[in-house]
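So the chains spell out like this:
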Amino acid sequence: MTAETHKKPGLETLQAAINRLEGHSDRRRTVLPFGVCEIDSRLPGGGLALGALHEVAGGGNDALHSAAAGQFCAGIAARTPGKVLWIVTRQDVFAPSLKQVGLSARRTIFVEACSDVDVLACFEEGLRHGGLGAVVAEVARLSMTASRRLQLAAETSGSLGIAIRRWRRQTDAADFGQPTASVTRWRVSVLPSVPLPVPGVGRPRWLLELIRARAGECADFEVEACDGKGRLSLPAALADRPDQETTWARRARA
């Protein structure tokens, strides 16, 4: 056995320790697919990583209200097994809107915290518990240190952590550009709803921006809001449109 063979286990141990300190993990993560090929193909593993921290914020005025962002997160949480812990600082969560996207109040444990510090403490404790399907928390500021603690807690338990970045003033939303240890970062903006052939309001539409994806690609998607089972879909006009490669092939033959 050579000297290099003896050194290899030590180097692997050192690399694993560095990865843990940086908020990375060599363990192969399971994922939660969106079921939309255009989105899943941009994410490592073909879906949203479980045992990881993700950030979501609303676009425009929704940065203050987080209505669409909250429904997006609820749709994700609805597709995880087990109870969901939802931590807030303001008593304005509209439970029927969560049920509309598949997250029943029977599965949800709501916790009200007094400040962001308390939210982060409950967030980390919930992720470390390990018996929850997902932990969702509304928080304004999220430092690199705090996000690393949350990411490590999620990796340890395998629970899904979602931080809804919500601010009280529009100017505070600039904090969303600061670096964190989250695996993905999303922004959800409201678009005009699907037109109907009769008077009424059609299915809501969102502009879903994947701003950051570790080891993945950034992209924008126009989607129809989560249905009663928490699933997104592409608008019919986009879903039925031929892909660019097929279009160019047809033009070349012509």
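Residues numbered from 1 in each chain as written. Predicted model: local features only at pLDDT ≥ 70, side-chain atom pairs only at ≥ 80, totals over all residues. Heavy atoms only, no water.

The name recorded for the chain in an unreviewed UniProt entry is Damage-inducible protein, from Novacetimonas hansenii.

**Focus on the pairing of strand β7 (residues 160-165)**
Side chains on a regular strand alternate between the two faces of the sheet. Across the six residues of β7, six count as buried, placing the element largely inside the fold. Both faces of β7 are covered, namely the face carrying L160, I162 and I164 and the face carrying G161, A163 and R165. Where strand β3 (residues 53-58) lies against β7, five bridges are found, and the strand directions are parallel. Paired with E55 across the two strands is A163, which belongs to β7. Between strand β6 (residues 132-139) and its parallel partner β7, the chain crosses via helix α7 (residues 144-157), and the hand of that crossover is right-handed. (Buried < 20%, exposed > 50% of the residue type's maximum accessible area, 1.4 Å probe, protein only. Helix = DSSP H or I, 4+ residues; strand = E, 2+ residues; numbered from the N terminus. Pairing = 2+ DSSP bridges. Right-handed = clockwise from strand over helix to strand, strands pointing away.)

**A look at the side chain of S147**
Tracing the backbone through its elements, the reader meets S147 in helix α7. For S147, a relative accessible area of 0% gives the class buried. When near neighbours in sequence (up to four residues on either side) are disregarded, S147 contacts L53, L142, T180 and A181. (Contact = heavy atoms within 4.5 Å.)

**As for the nonpolar core**
Of all hydrophobic cores here, the largest spans 39 residues; its most connected members are I39, F72, W186 and L232. Only α4 (67-78), β4 (83-88), β6, β7, β8 (184-191), β9 (205-213) and β10 (219-224) provide two or more residues apiece to this core. For this core, the element with the most residues is α4, which contributes eight residues. Dropping the residues within four chain positions of it, I39 is found in contact with F34, W186, L208, F221, V223 and L232. Counting 18 residues, the second largest nonpolar core, distinct from the first, contains L132, A146, L150 and A153. (Core = buried A, V, L, I, M, F, W, Y, C linked by side-chain atoms within 4.5 Å.)

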